[in-house]
Amino acid sequence: MTALLVLIAAGVTAHDRVYTANQTSNTVSVVDPAKNALIGELELGAPRTDVLSPIYRGQALVHGLGFSPDHRTLAVVSIASNAVTFIDTATNRIKSVTYVGRAPHEAFFTPDGSELWVSVRGESHVAVLDANGKELRRISVADGPGMVRFRRDGKLAFVVSSFTPELDVVDVVKHEVIQRIPVVSPFSPNLDVCADGQVWMTHKDVGKVTVIAPGESGYHVTSVTDTGPITNHVACVDNGVGKLVFVTVGGANAVKVFTRDATPQLVATIPTGSLPHGIWASDDGTRIYVGLENSDQVGVIDAVARRELTRIPIGQAPQALVFISNAVPEGAGTQSLRPLQSRPIVVEMSAQGGGNARGLASIRSLGIVDGLEVNFVGLAAKTAYGLYVATNTAPPYADLRHITDVLTNPRGGGQGQAVGPLKELVRHPEGSRPGARFLLLLPKGDPMKERPVLIGNVSAE
């Protein structure tokens, strides 16, 4: 055990950094992995509600991350403002901002560092920028490119789509698609290219991962594996216990670990926290870092023992996450960073008497108002529900207040949002007894007569 702890401790240093792109607060959180502590946040924009101002000038929907091979530049993609922000990792200084096509999603540098490829999801192309941010050309790909990653030798790039059931293989030198591979669903937000040449891609809409590998006549699908609802991001990991892939499964609040065999085998399911999203490994493969979207945290996983070690509070609604070794060669690296502004109220919702249905609600401060994001799985398909707060859990309800409505998809999943004085609404009203405040998901109809499908205890937060 002592030797294992030494190995894990040696995997990261105070010069390394973990970054998260936070979509609701429009910040980048900067974490010291040696201390498992937040250093501070780089403010790229205001909270989500302020973005609606006609004179707003900050970034909006900070979402994607990539970094240069010399680890000196972090590229941050903001979806709603169509921006790629280039940041100096040592000083947190914004070096430049480039505006590309509609709704970019992710970006990554070529292995030689000469180009940054940006998947412009709102259009049908990848924007190719030089290392300083000047757009050089556009590569036509399938509609809705979600992400691009490169093979280790830099000769090929792989582009998944969020709108088209296809993976495109691109010749990096020619900047041309050389192969189009059909896949099982049209919503593939993320991929990773393993050291052995396998390409793993996620299918968020159907809860699967597809593995694509090279063969005599190009790349081909070798397996499709069920992983679970809201399958988000994937990370290839090579360490002393084998060649593995770690997959974030938001609907299960877990990271699932698979072998890279011809038929992938599930070897571990690691509980993490609320809605795991972005994921990345330390360079030596001993630690895994996971952005927990609904609880505004980074989960730290021991990749050898396959268990969660700790959680670190960060900004609001983390999406992409990257680990960059030696990002800060000297100094504290705290320039331009602000402290964390607030923590969310996170409520887990479950069915009375058991069952597979469950939900997660997160309420965050957005200046003078609050924002709610709620996700459900395991409900009846194509069914309307209402989310309420009350002081009891069975009809007739006391002090019943409506928050938002949700319509589930064909797989029984759903999500909803609301903005208003929500923290005040869900806290105990004057004169109520402590512990008597609940979130209730009720079938649409007469809410005073319906029994809850899901219940969450707000007082537990």
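The coordinates are above.
Residues numbered from 1 in each chain as written. Predicted model: local features only at pLDDT ≥ 70, side-chain atom pairs only at ≥ 80, totals over all residues. Heavy atoms only, no water.

Colleague: Describe the overall build of the chain, with residues and values.
Modeller: Broken down by element type, the chain carries 2 helices and 36 strands. For the chain, buried positions account for 58% of its 461 residues. For the chain, restricting intrachain contacts to residue pairs at least 6 apart in sequence, the fraction spanning at least 24 positions comes to 48%. Each charge sign in the chain was given a centre, from 41 positive and 43 negative side chains, and these centres are 3 Å apart. (Helix = DSSP H or I, 4+ residues; strand = E, 2+ residues; numbered from the N terminus. Buried < 20%, exposed > 50% of the residue type's maximum accessible area, 1.4 Å probe, protein only. Contact = heavy atoms within 4.5 Å. Lys, Arg positive; Asp, Glu negative; His and termini not counted. Charge placed at Lys NZ, Arg CZ, Asp CG, Glu CD.)

Colleague: Could you give me a rundown of unusual backbone geometry, with the residues and numbers involved?
Modeller: The omega torsion of the bond from Pro-395 to Pro-396 falls at -5°, within 30 degrees of zero and hence cis. Relative to the elements of secondary structure, Pro-396 occurs in the loop between β32 (384-390) and β33 (401-407). Phi at His-71 is positive, roughly 65°, even though this residue is not glycine. Following the sequence through the fold, His-71 ends up in the loop between β4 (62-67) and β5 (73-78). In this structure His-71 comes out as buried when scored by relative accessible area, which is 16%. For Leu-275, which is not glycine, the phi torsion reads 60° and is therefore positive. Along the polypeptide, Leu-275 turns up in the loop between β23 (266-271) and β24 (276-281). We classify Leu-275 as buried; its relative accessible area is 5%.

Colleague: Give a detailed account of the sheet that holds β24, specifying residues and quantitative values.
Modeller: Spatial strand order, β24-β25-β26-β27: 4 strands in an open sheet with antiparallel pairing. Every interior strand has two partners, whereas the edge strands, β24 and β27 (307-313), have only one. Averaged over all adjacent pairs, the angle separating strand axes in this sheet is 25°, with direction ignored. Two strands pair when backbone bridges link them, and strand β26 (residues 297-302) and β27 are joined in this way by 6 bridges, in the antiparallel orientation. (Pairing = 2+ DSSP bridges. Axes fitted to C-alpha atoms, helices over the stretch in contact; angles between N-to-C directions.)

Colleague: Now, about the pattern of salt bridges: what can you tell me, with residues and values included?
Modeller: Scanning the entire structure with this criterion turns up 18 salt bridges. For the salt bridge of Glu-166 with Arg-180, the shortest nitrogen-to-oxygen distance reads 3.0 Å. On the criterion of sequence distance, the pair formed by Glu-166 in strand β14 (residues 166-171) and Arg-180 in strand β15 (residues 176-182) is long-range, its members being 14 residues apart. With relative accessibility at 16%, the residue Glu-166 sits in the buried group. Arg-401 is the salt-bridge partner of Asp-399, the closest N and O atoms lying 3.0 Å from each other. (Salt bridge = Lys/Arg side-chain N within 4 Å of Asp/Glu carboxyl O.)

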